[in-house]
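# Tertiary structure, described
Take a look at the letters that make up each chain.
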Amino acid sequence: EELWTFEVPRYKSTGHVRCVFPADLTGNGTQAVIAGADNWRYYALDAEGKELWYYESVHRSTAGAAADLDGDGKDEVICGTEYYWWPVAKPDGTKLFSYSTRTGPGVNDALAADLTGDGVPEVCPPRASFSGSSIREMR
């Protein structure tokens, strides 16, 4: 049984969805759906499929993740892209920060976890380049 459908619009490119993952954007335990598409945007959708916001990631989406990076109980959204940089969006869809890689064009996965044991998640965007691959830990 289909519960809802969201038609991803064409913008810069087609609206083909490349990644989907959950995020608690309100801090109340309710999960939103985050969808990254080829049209240079990440979308946040509520449980009824209504658009809450979109974030323009400047390049095609590749991979994303959600985690509470600042300790406020709400998830931030890591927006992996195909070409040299990726942004992190706040729960309201505005920019928290962005990172530009020096060595590789694409983010091919995304991870946010407390890797150091200090209670604060780090962001790890593995990336591929023409000369190899790497993983970088960010805070």
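Before going into details, it helps to say that this report is about the structure given with it.

## Notes on the pairing of strand S6 (residues 76-81)
- Counting buried residues in S6 gives 6 out of 6 residues, a clear majority hidden from the surface.
- Where burial is concerned, the two faces of S6 agree: the one with Glu-76, Ile-78 and Gly-80 and the one with Val-77, Cys-79 and Thr-81 are both buried.
- Strand direction decides the pairing type here: strand S5 (residues 61-67) and S6, joined by 5 bridges, are antiparallel. When the bridges of S6 are listed, Gly-64 appears paired with Cys-79.
- Here 2 bridges tie S6 to strand S7 (residues 85-89), and the two strands are oriented antiparallel to one another. Note that in S7 the partner of Ile-78 across the bridge is Val-88.

## Looking at the packing of aromatic side chains
- Overall, the coordinates contain 2 aromatic pairs when judged by the stated rule.
- Ring centres 6.0 Å apart and planes at 50 degrees place the aromatic pair Tyr-43 and Tyr-54 in the tilted group. With Tyr-43 in strand S3 (residues 41-45) and Tyr-54 in strand S4 (residues 51-56), this pair connects stretches of sequence that are 11 residues apart.
- Aromatic rings pair up to connect Phe-6, Tyr-43 and Tyr-54 into one cluster.

About the criteria used
- Residues numbered from 1 in each chain as written.
- Predicted model: local features only at pLDDT ≥ 70, side-chain atom pairs only at ≥ 80, totals over all residues.
- Heavy atoms only, no water.
- Buried < 20%, exposed > 50% of the residue type's maximum accessible area, 1.4 Å probe, protein only.
- Helix = DSSP H or I, 4+ residues; strand = E, 2+ residues; numbered from the N terminus.
- Pairing = 2+ DSSP bridges.
- Phe/Tyr/Trp six-rings, centres within 6.5 Å; stacked < 30°, edge-to-face > 60°.

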